[in-house]
Structure formats: C-alpha cells, structure tokens
Amino acid sequence: MLKQRIITAALLLAVLLPALFASPTWPFALLSLLLIGAAAWEWGRLNGLSFKSAVGLGVLVSLAGVGAWTLGVTQAGATPVMLWWLAAPVWVLGGAGVLRLGVARWPALPRWLRVLLGIALLALAWLALAQAKAVGVNFLLSVLALVWAADIAAYFGGRAFGKCKLAPAISPGKSWEGVWSGMAGVLLLALAWIAFDRLTAQGVPSIFSTLQSRLGTSAMIVALLFLAAVSVVGDLFESLVKRSAGAKDSSGLLPGHGGVLDRIDAMLPVFPLALALCSL
C-alpha cells in the first residue's frame, strides 16, 4: 500500500507541477477539468447511476468546462462575483442540512436532485480553480496549502488530543479537537505566508495577504477560520455520500489514495468561497 501511494503521488506530481507553473492557464485548467470529470463519474456511481450513465455525467461536466473556457468565463474576474457568493449558502446551509439529514436518509432524496447537486458543486469548484490559476500561482498555491494545512493539522491534532467526536456516524475518526487544530494550522500558515509575501515582494499576493489588505487582520482571521470550517464540511459531505453507498473510497482511480473525490472533497467549498471573500 505504501509503495502504491508513493508511486501514485510521484506520477501525479510529475503531471501537476508542470501544469501548475506553466505561464498560460490552460494546461492547469485542462488537467483539473479531467480530474473534475473523473470526480463527476465517481459521484454518479456513488449515487446509483450505471457505469455508462456515470461516464456520461463525467463527459457532460467536462464538456461544460470546455464551453466555459471557450466563452472566456475562466479568465480572472470573468465569472460574476455573485456566483461565488451563491456557493456560500449552498455549502453552509445546504451542507449543514445534508449532514443533519444523515447517512441513511441521503439516498431517500430524488436521484436527479443528488446528481444535479454534484454537477453544480463540481462545475463551480472547477471554475474557481481555473480562475485562481488565472489570478496567479502564488494565490492558487496558497489556497491549496490552506486546505492541506487544515487537513494535516486536524489529523495530527485529532490523534494527539481527540476526545470529542465531531460526527461519529459519518466519520468516526474526526474530532472537535482536530477541527480546532486544523484552524490553528491555517492561522500559523497565514502568518508564515504573509511574511513570505512581504520578504519576496510577490507580484501576485497569496490569499492570506489579499484578505489582510482588503479586510484587515481581525476580519482576515475570521475569514480563514470560516474557510477551514467549510473544508471540514466538504470532507464530511463526501464521507456521508460514500457511507450511504457502502463505499470506503469514491473509486480506485488513484491506487493507494482512493478516488479523485477523496482527494478534492475539502477543496470543493473552499475555492469558490475563497474567491467570494477576496472580492470584498
């Protein structure tokens, strides 16, 4: 298993890094669109679609992304800001509603509604990813690092201090102590990245410097805590869907790492909401 993880991670980095640091946006946009298309296929399978129908769903999401690219919607600032703000109630209120609904009652929702919700959330996340790359590599990397820092700090904080379970019926390993640790990790990362931005005079500021300059330090802290919290919602939401389908992983597309959704679940709410907050 460890060998599989290392090989898969190495291959992903070999493909991701050149696309990430390429000057034009399209290599990263294309690569991320392929991943989002695969995630749409996984979503369809987790929600009871046949293999062919799930493939069709992945193709549909990918074609929609190509259409958005052709129309120039993925360029920095091209997507109406209101679209990012519409994601906020969907993830905050809708996410809370779904988690309250529980594992057993998720399949009771109409399948068309579950599929449509997945399409909307995945497509919006891809648009946000493409626009973040169009803003600049430093900005994109800082949002990715925010998600990773929240996840890593939550994992180690939960293992060290975890006593109060967060959502045992959905994800037994998560704890409130892990959530607080993840938030602390994000704030420490923000402190380091803002110092890095100032030291290196980055042409494109990170999300941390952007929020600080636009909102002030106090409001920036609140915004970052909010983003760390919604990353947990994204993770729990995907765990709920998997449990309702009786699946351990969203698929086996990434040997040793599960599926694409398993790797991007926390990013789905964070990227649109990060762009929303940075528009203030």
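Since we're looking at a predicted model, the values are computed, not measured. (Residues numbered from 1 in each chain as written. Predicted model: local features only at pLDDT ≥ 70, side-chain atom pairs only at ≥ 80, totals over all residues. Heavy atoms only, no water.)

On to the packing of aromatic side chains, then. Under the counting rule described, the total for this entry stands at 8 aromatic pairs. A ring pair is formed by Trp-43 and Trp-106, whose centres lie 6.1 Å apart and whose planes are at 75°; its orientation type is edge-to-face. With Trp-43 in helix α2 (residues 26–46) and Trp-106 in the loop between α4 (81–101) and α5 (111–135), the pair connects residues that are 63 residues apart, well separated along the chain. Considered together, Trp-43 and Trp-106 belong to a single accessibility category, that of buried residues. (Phe/Tyr/Trp six-rings, centres within 6.5 Å; stacked < 30°, edge-to-face > 60°. Helix = DSSP H or I, 4+ residues; strand = E, 2+ residues; numbered from the N terminus. Buried < 20%, exposed > 50% of the residue type's maximum accessible area, 1.4 Å probe, protein only.)

Helix-helix packing is described using two parameters, namely the angle between the two axes and the distance between the axes. Two numbers describe how helix α6 (residues 137–161) lies on helix α7 (residues 176–200): the axes approach to 7 Å, and their chain directions differ by 145°. Crossing of α6 over α7 shows right-handed handedness. Here α6 contributes Asn-138, Leu-141, Ser-142, Ala-145, Leu-146, Ala-149, Ala-150, Ala-153, Ala-154, Gly-157, Gly-158 and Phe-161 to the contact with α7, which in turn contributes Glu-177, Gly-178, Ser-181, Gly-182, Gly-185, Val-186, Leu-189, Trp-193, Phe-196 and Asp-197. (Axes fitted to C-alpha atoms, helices over the stretch in contact; angles between N-to-C directions. Left-handed = near helix turned anticlockwise from the far one by under 90°. Contact = heavy atoms within 4.5 Å.)

A few words now on the environment of Val-147. Relative to the helices and strands, Val-147 is located in helix α6. Judged by relative accessible area, Val-147 falls into the buried class, the value being 5%. For Val-147 and Asp-265, which are 118 residues apart along the polypeptide, the C-alpha to C-alpha distance reads 10.0 Å. Dropping the residues within four chain positions of it, Val-147 is found in contact with Ala-266, Met-267 and Val-270.

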